[in-house]
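A closer look at the structure
These are the residues of each chain, in order.
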Amino acid sequence: MNVNLKLQNWDFDYIGCSQDVLFAKLNTSLKGLHEQEAENRLEEYGYNEPAKKKKRTILFQILLKFFNPLVIVLLIIAGFSLFFGEKISAILVIAMAFISVFLSFIQEHRAGKEAERLSEMVRTTTTVYRNGIHKEVDIREIVPGDIIDLFAGDMIPADLRIISCKDLFINQASLTGESFPVEKTPEAANSQKRSPADLTNIAFMGSNVISGTGLGVAVKTGLVTQFGELSRKLATITVESSFDKGMHEFTWLMIRAMFVLVAVIFAINAFLKGNAIQAFLFALSVAVGLTPEMLPMLVAINLSKGAIAMSKKDVIVKRLNAIQNFGAMDVLCTDKTGTLTLDKIVLEKHCDVVRKENDEVLYFAYINSYYQTGLKNILDRAILRHERLIVKQYKKVDEIPFDFSRKLMSVVIENEGKHRLIAKGAPEEIYKRCTKFELEGDIIDLDAGNLVLRELKEEYDNLSAEGFRVLAIAYKDFDQPKDKYIKDDEQELILKGYIAFLDPPKPTAKKTIETLKNLGIDFKVLTGDNELVTKKICGEVGLDAKGLATGEEVEKSSDEQLRVMAKTTTVFARLSPLQKERVIRALHANKRIVGYLGDGINDAPALKAADVGISVNNAVDIAKESADIILLKKSLLVLEDGVMEGRKTFGNILKYIKMGSSSNFGNMLSMTGASLFLPFLPMLPIQILLNNLLYDISQIAIPSDDIDKEYLLKSRPWNVNYIKKFMFTLGPVSSLFDFITFGVLLWIFRAPQELFHTGWFLESLCTQTLVIHIIRTGKIPFVESKPSQFLIFTSIYIVTIGLIIPFIPLGKYFGFVPPPPTYFITLIMIVALYLFMVQRVKRWFIRKYGYE
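Not measured: the values here are computed from a predicted model.

1. Topic: the overall build of the protein chain
Check the secondary structure of the protein chain and you find 31 helices and 23 strands. Counting only C-alpha atoms and orienting by the principal axes, one finds that the protein chain spans roughly 125 × 65 × 50 Å. In the protein chain, which comprises 852 residues, the proportion classed as buried is 58%. Within the structure as shown, the protein chain displays about 35700 Å² of accessible surface, and the carbon and sulfur contribution to it stands at 57%.

2. Some remarks on the packing of aromatic side chains
Enumeration according to the criterion identifies 29 aromatic pairs in this entry. Centroid distance tyrosine 366 to tyrosine 370: 6.2 Å. Interplanar angle 15°. Geometry classified as stacked. One end of the pair is tyrosine 366 and the other is tyrosine 370, both in helix H13 (residues 359-371) and four residues apart, which spans about a single turn. The ring of tyrosine 47 is capped by arginine 140, whose NZ or CZ atom sits 4.0 Å from the centre of that ring.

3. Quick word on empty space enclosed by the protein
Counted under the stated rule, the structure contains six cavities of 30 Å³ or more. Estimated volume of the largest cavity: approximately 90 Å³. At the level of elements, helix H24 (638-677), helix H25 (685-698) and helix H27 (753-770) are the ones that each hand at least two residues to the lining of the largest cavity. Each residue belonging to the lining of the largest cavity can be placed in one class, and the counts come to five nonpolar, seven polar and no charged.

4. Observations regarding the sheet that holds strand E19 (residues 549-550)
Ordered in space as E8-E23-E22-E21-E9-E18-E20-E19, the eight strands form an open sheet in which the pairing is mixed. Edge positions in the open sheet fall to strand E8 (315-317) and E19, since each of these has one partner strand only. One ladder, built from three bridges, connects strand E22 (residues 612-616) with strand E23 (residues 629-631); its direction is parallel. In the sheet register, valine 616 faces E23, and the bridge partner there is leucine 631. Sitting on the sheet, helix H21 (residues 577-589) touches strand E9 (331-334), strand E18 (522-526), strand E20 (571-573) and strand E21 (594-597), and the angle it makes with E21 is about 160°.

5. Quick look at a nonpolar patch on the surface
A cluster of nonpolar side chains, namely Ile88, Ile91, Ile804, Phe807, Ile808, Leu810 and Tyr813, defines an oily patch on the protein surface of about 670 Å² accessible area. For the nonpolar patch, the secondary structure elements donating two or more residues are helix H6 (87-119) and helix H30 (809-813). Counting through the fold element by element, isoleucine 808 comes out in the loop between helix H29 (789-804) and H30. Owing to a relative accessible area of 33%, isoleucine 808 belongs among the partly exposed residues under this scheme.

6. Some thoughts on the nonpolar core
In terms of nonpolar packing, the biggest core is built from 171 residues, with Leu495 and Tyr498 touching the most fellow members. If you tally residues by element for this core, the top one is H24, at 13 residues. Setting aside its immediate chain neighbours within four residues, leucine 495 contacts Val353, Ile430, Tyr431, Cys434, Lys436, Phe437, Glu438, Leu456, Ala472, Ile473 and Ala474. In terms of nonpolar packing, the next biggest core, distinct from the first, is built from 28 residues, Ala365, Ala382, Met409 and Leu471 among them.

7. A few points about H24
Between its first and last C-alpha atoms H24 spans 59 Å; for 40 residues at 1.5 Å apiece the expected length is 58 Å, and the two agree. Of all 40 residues in H24, 33 are buried; the element is thus mostly enclosed.

8. Here we look at the state of the cysteines
Across all of its chains, the model carries zero disulfides by this definition. Lacking any disulfide linkage, cysteine 165 is separated from the closest cysteine sulfur, that of cysteine 17, by 16 Å.

9. Concerning the side chain of threonine 334
Its place among the elements puts threonine 334 in strand E9. A relative accessible area of 0% means that threonine 334 is categorised as buried. A polar contact of 3.4 Å, which involves the side chain of threonine 334, links it to the backbone oxygen of leucine 597. Apart from the residues within four sequence positions on either side, threonine 334 is in contact with Thr339, Leu340, Phe523, Lys524, Val525, Leu526, Tyr596 and Leu597.

10. Digging into unusual backbone geometry
Proline 781 follows isoleucine 780 through a cis peptide bond whose omega is 0°. Structurally, proline 781 is set in the loop between helix H28 (772-775) and H29. Even without a glycine there, the phi angle at arginine 574 is positive, about 55°. Mapped onto the elements of the fold, arginine 574 is located in the loop between E20 and H21.

11. Focus: the environment of isoleucine 106
The residue isoleucine 106 is located in helix H6 in this model. Among the residues examined, isoleucine 106 registers a relative accessible area of 42% and is labelled partly exposed. The sequence separation of isoleucine 106 and valine 533 amounts to 427 residues, and the corresponding C-alpha distance is 46 Å.

12. As for the confidence of the model for the protein chain
Here the protein chain averages 84 in pLDDT, while 90% of its residues score no lower than 70. Considering only residues more than four positions removed or in separate chains, one finds that residues 1-9, a stretch of pLDDT under 50, has 41 contacts.

13. Considerations on H13
Residues separated by three or four positions in an α-helix point in the same direction, a consequence of the helix having 3.6 residues per turn. In this model, H13 (13 residues) spans 18 Å end to end at C-alpha, consistent with the 18 Å of a helix rising 1.5 Å per residue. Where H13 starts, the residue carrying a side-chain oxygen 2.8 Å from the main-chain nitrogen of glutamate 360 turns out to be asparagine 358.

14. With respect to the pattern of salt bridges
This model, assessed by the stated rule, comprises 30 salt bridges. Put simply, arginine 130 and glutamate 35 hold a salt bridge, and the shortest N to O gap is 3.5 Å. Placement of arginine 130 in strand E1 (residues 125-130) and of glutamate 35 in helix H3 (residues 35-45) is noted, with a sequence separation of 95 residues between them. On the accessibility criterion, arginine 130 (7% relative accessible area) is buried. What makes glutamate 35 partly exposed here is its relative accessible area of 24%.

15. Points about the side chain of aspartate 529
Secondary-structure assignment places aspartate 529 in the loop between E18 and helix H18 (531-540). Polar contacts involving the side chain of aspartate 529 include one to the side chain of lysine 336, which spans 3.1 Å.

16. Description of the pairing of strand E4 (residues 159-171)
By the bridge criterion, 10 bridges tie E4 to strand E7 (residues 208-220) in an arrangement that is antiparallel. Bridge assignment links arginine 161 to a residue of E7, and that residue is valine 217. Bridging between E4 and strand E6 (residues 202-203) involves two bridges; their strand directions are antiparallel. Considered in E6, the bridge of leucine 160 is made with alanine 203. Bridging between E4 and strand E5 (residues 182-183) involves two bridges; their strand directions are antiparallel. For phenylalanine 169, the partnering residue across the bridge sits in E5 and is glutamate 183.

Reading guide: rules and limits
Residues numbered from 1 in each chain as written. Predicted model: local features only at pLDDT ≥ 70, side-chain atom pairs only at ≥ 80, totals over all residues. Heavy atoms only, no water. Helix = DSSP H or I, 4+ residues; strand = E, 2+ residues; numbered from the N terminus. Buried < 20%, exposed > 50% of the residue type's maximum accessible area, 1.4 Å probe, protein only. Areas by Shrake-Rupley, 256 points an atom, 1.4 Å probe, with all protein chains shown as cover. Phe/Tyr/Trp six-rings, centres within 6.5 Å; stacked < 30°, edge-to-face > 60°. Lys NZ or Arg CZ within 6 Å of the ring centre and 35° of its normal. 1 Å grid on protein atoms, 1.4 Å probe; cavity = no way out; pocket = protein on both sides within 12 Å on 5 of 7 lines; lining within 4 Å. Points joined across faces, edges and corners; volume = space filled by probe spheres on them. Nonpolar A, V, L, I, M, F, W, Y, C, P; charged D, E, K, R; others polar. Pairing = 2+ DSSP bridges. Contact = heavy atoms within 4.5 Å. Axes fitted to C-alpha atoms, helices over the stretch in contact; angles between N-to-C directions. Patch = residues over 30% accessible without salt bridge, like charges linked within 9 Å, V, L, I, M, F, W, Y side chains within 5 Å. Salt bridge = Lys/Arg side-chain N within 4 Å of Asp/Glu carboxyl O. Core = buried A, V, L, I, M, F, W, Y, C linked by side-chain atoms within 4.5 Å. Expected span 1.5 Å × (residues − 1). Disulfide = S-S within 2.5 Å. Polar contact = N/O pair within 3.5 Å; in protein donor to acceptor, adjacent residues only side chain to side chain. pLDDT = per-residue confidence, 0-100.

If you want it as C-alpha cells, here you go:
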C-alpha cells in the first residue's frame, strides 16, 4: 500500500544486504553487544528517545507570564507611580498584575502535571541480547547493533532490520495509517523502495507487534529514526492558535486606544490646570482604567473551569487555550484508523461466490483457523472471535503451513471416514488451484458453468472495492485418505466462497458526526489508508465522502489549488504526515478554525498545526506530546462535551471583554470631556484605581455564570471587529450618563470638588457593575436569562461596599465625603435609566450586527 511517506536519513544498504554484511556493518552478532560496547555506543549515539521541547523551570514559566502586554503595561504604570511617590496606587496596580499572573500559572502548571503523569504510564523496557544473555533494558538505552526479541504486544523500540521471524505481523497504523497489519520477513528487500509499507524487512520505531515472534537488530535509534526525525521537527515548531491571535489582536486594540486617549487627557489637563506631574499621574490612572488588567486572570479562571469540567469526563487539557479553540472549531479533521474505527479487525462477511451470506463458508473458515498449529494471525483471531462454533468432532489429519510463495494455508480433517482439505488464502492464489465452485449446494465446473472465472473474480473485486480485506475459502474431498499431505494436494479445489474483514467504525462515530454537524462543525477525514477502505467506513458512519482526494493529488497541488480543494473535499486518503499538515494549513488559509483528532506518529504534524490537537491516552508519545487535549477514554461522544465547554468558556470571556471595553471606553470619553470644562480633576488617581479594583472583583464571578442555550448552537471565533463596534456603540451610552451625572452634581447639588469625586465614583461603579446583567445575554428582555447566584452576589456586594465607603473613615483617605440623601434618589434614577437605555441600544445592535 502506497502511503506516500518519504523515509528520512536512511542508509538503504541496510535493507538490501545479507545478514552477514549487516552484522559486519553494525559490528555485532546474534549474541548481541558486550555491555561495555553498549555503554560506549550509548555515549556516542545518545539516548534512544524522541526530541522533546526543553522543560522550563517553574521560575521561568512564571516569568514568561509577565511578558503578557497587559501585564507589562500595568507594571510600567506601577513603576511611574512609585517614581512619583504614589505608593498605594503602585501597590494596587502591582497586586492586579500578580494576581492575574499567578492564577494563570497555577492552572496551566496543574494541567501540565496531569499530562506528564500520563506519559509515565507508558511501558519503557524491551528484551535484548547482551553477551548472549536475555536482558530487560530501558528503551532509552537501546543502541545501534542491539539484538532485540520481538513478541506479540511489543512496541518496536527502534528502527529494526528483521533477521529472523515466524508469522510476524506488525501494525504500522501509527506511522502510515494502514488499517491492516503488514507481515515482516527477514529476506533482503529491494533497496530502491522508499515507502515504509514496501520495506518488508524493516520494523519502525513506534509500531507494534500484533502476532508472531521475531528477532531484529537495531539499525537506527533516537533522533535518526523515522519517529525521532519527525519529533525533532515538531519540537522546533510553535504554532499560534486562533485564540492566541484573537487575544493579541484585542490586547493591542485596547493598548492603542489607551495610548491615544491617555496622551489627549494628559495634554488637556497639563495645559488647562498647569500641573504636569498631577496631570501625568491622572493620565496613568486613566490608563489603568482603560486597561482590561484582569483579562489574563479571568481568561485563566474561565479556561481552568472548563478544564476542570472536562477532567471530570476523563479528558486532560494540556494547554488551557485549547478549551476556547475547541468551542470555536468549525471543522474537525480526523484520522480514520483507531479514531473513527475500533482499531480492531473483525470478520464482517462470510458469503458464497455470488456474495450471498453463507454459514457453511464461516464454518469452513472456522475449522481452518481452529486446527492450524502455527501462530494465529490477526485474521485467524477475528474468525475465531466472530462466533463460537463446535468443531471438536472432527479429527485433524494434517496441515500444510502458510508460506509467502503460495499465500495460503490448508488443514486436513477426517469427516465421516473421508479426508477433507480446507484451504484459506489470497483469492488470486486460490483461483489458480480451483477447477470447480459451489453455488447453493451444486458443484459446477469452472469451464462448463454459468459463471466463468472472470465473473468470479468480479465478485471478489466488488468486495475489495467496498474496502474489505478478502480471503477465499476452498476445499477438496479425498476418497482415498493419505497419511501425509503436501502442497501438490492443493489442486483441483472447489471454491466455496469468501470471508471479508474490516476495521469497523466505532458505535459512537455516526452519532458524534451528526451531533457535531448540528453544532455547525464540518467533519473531514485525513487518513494514510487507501480510498476504498476509507469510503466504506465513511459510508457506514453517515459521512458523505464527496470530493475524495488522494495524497498524490495533494502533492501535485499548489497552495492555492489546495485551498480550493479543501473547501469541497470531505475525505483525503493515502496522505503522508506532511500532506495532512498541508491540508490543515489550507483550511487555515480559508479562515477555518481547525481541530484534529489522531493518535499515530503520522498524525503528529497535523496535531501540531491545528488550532486544537486532540489525542488519546494510548496514542504514541509523539502524538500526545503534540496534542493540546488528551482523551483518557477512546470515545468520540466526549467531543460534544468539549465543544460545549469551549463555547461556554469563550462566551463568559466575551462577557467581560464586551462589558469592560465598552464601560472603560465610555469612562475615558467622560474623563476627556470633563477635563475640558472642570477646574479640577474629575476623579483622583487613587479613586480611579479603587473604582477599577472593586469593579474587577465583581467580575470574578463571570466564570460561574450560565450561558444561554441558543448561544451554544454555533461556533464563535474571535471577532475583534465586532468587539470594536460594540465598544464604540455602547461606550458613548455610558459616557452620556456620566455627563448627565456631571450636570446633576454641578447644577443641582452645586457640588464642590470632593462631593463631585464621590458622586461620580458611585455612579460609575454602580453602572459598570450592574450593566453585566444586560450585556451577559442576547435575550430581550435580559431578565429571561438567569445569571448565576455568585454573579448576583458579587454585583450586590460590590455596589454595597461602594455605597458604604464614603461614610466610613476609610473614605476620607480616598478623598470621599458623604453625599446628601437626596443624591441617592437621583443616583437610582440615573442608573435605572442607563440600564434601560443600554437594553434598547443592545436590541438595535443585535438586529444590525447579531450577537457574539
